[in-house]
Amino acid sequence: MPPVQRARIALHLTAGLCLAFVTVQYALYGPWPLALLFGIVSVVPLDAAIHLAAHDPATDGRRRGVALTDEDSAALVRAALNQACCERWWTALGTDHDPTCHNGRRRNAA
């Protein structure tokens, strides 16, 4: 886990503890609706810290640079080309489409 991520987790835990302290103070000496509100809000930084601790970029395969096979890379290229527009759209600078294009709306170049 990178040091920056550890610092963010520590910051979230500190914020949660401070909000929990304010919750106790309002429960003892202040209006109880504010104590309830701060009690609910004090859970949010703890949830964020748990999420940060569970998501480790070092173990994430997409960020680690896993080598793709030729079939996988060809499938990715095919999917990208299927999502792309037609040839006329590219050559007309986005103003016209081929009749068979799935994005067949006419657009102005503005």
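Below is a summary of the structure that appears in this document. Bear in mind the structure is a predicted one, so any value in this text is a computation, not a measurement. (Residues numbered from 1 in each chain as written. Predicted model: local features only at pLDDT ≥ 70, side-chain atom pairs only at ≥ 80, totals over all residues. Heavy atoms only, no water.)

Turning our attention to the overall build of the protein chain. Counting secondary structure elements, the protein chain contains 6 helices and 0 strands. Across the protein chain, helices and strands are ordered from the amino to the carboxyl terminus as α-α-α-α-α-α. For the protein chain, the share of sequence-separated contacts (at least 6 apart) that also reach a separation of at least 24 residues comes to 34%. Of the roughly 8600 Å² of accessible surface on the protein chain, a fraction of 65% belongs to carbon and sulfur atoms. (Helix = DSSP H or I, 4+ residues; strand = E, 2+ residues; numbered from the N terminus. Contact = heavy atoms within 4.5 Å. Areas by Shrake-Rupley, 256 points an atom, 1.4 Å probe, with all protein chains shown as cover.)

With that settled, the discussion passes to the packing of helix α2 (residues 32-41) against helix α3 (residues 43-54). In the contact formed by α2 and α3, the axes pass within 4 Å of each other and the chain directions differ by 5°. With respect to each other, α2 and α3 are oriented roughly parallel. Across from Gly-39, Ile-40 and Val-41 in α2, the residues of α3 making contact are Val-43, Val-44 and Pro-45. (Axes fitted to C-alpha atoms, helices over the stretch in contact; angles between N-to-C directions. Parallel < 35°, antiparallel > 145°, perpendicular 65-115°, else oblique.)

Direction vectors running N to C along helix α1 (residues 3-29) and α3 enclose 160°, while the axes themselves pass 8 Å from each other. Relative to α3, the element α1 is oriented roughly antiparallel. You can see that α1 and α3 cross each other, and the crossing is left-handed. Together, Gln-5, Arg-8, Ile-9, His-12, Leu-13, Ala-15, Gly-16 and Leu-19 of α1 and Pro-45, Leu-46, Ala-48, Ala-49, Leu-52 and Ala-53 of α3 make up the contact between the two elements. By residue class, the composition of the contact of α1 with α3 is 10 nonpolar, 3 polar and 1 charged. (Left-handed = near helix turned anticlockwise from the far one by under 90°. Nonpolar A, V, L, I, M, F, W, Y, C, P; charged D, E, K, R; others polar.)

Another point: α1. For α1, which comprises 27 residues, the first-to-last C-alpha distance of 39 Å matches the rise-based estimate of 39 Å (1.5 Å per residue) to within 8%. All buried positions along α1 are accounted for by Gln-5, Ile-9, Gly-16 and Thr-23. Buried positions along α1 lie against α2 and α3. (Expected span 1.5 Å × (residues − 1). Buried < 20%, exposed > 50% of the residue type's maximum accessible area, 1.4 Å probe, protein only.)

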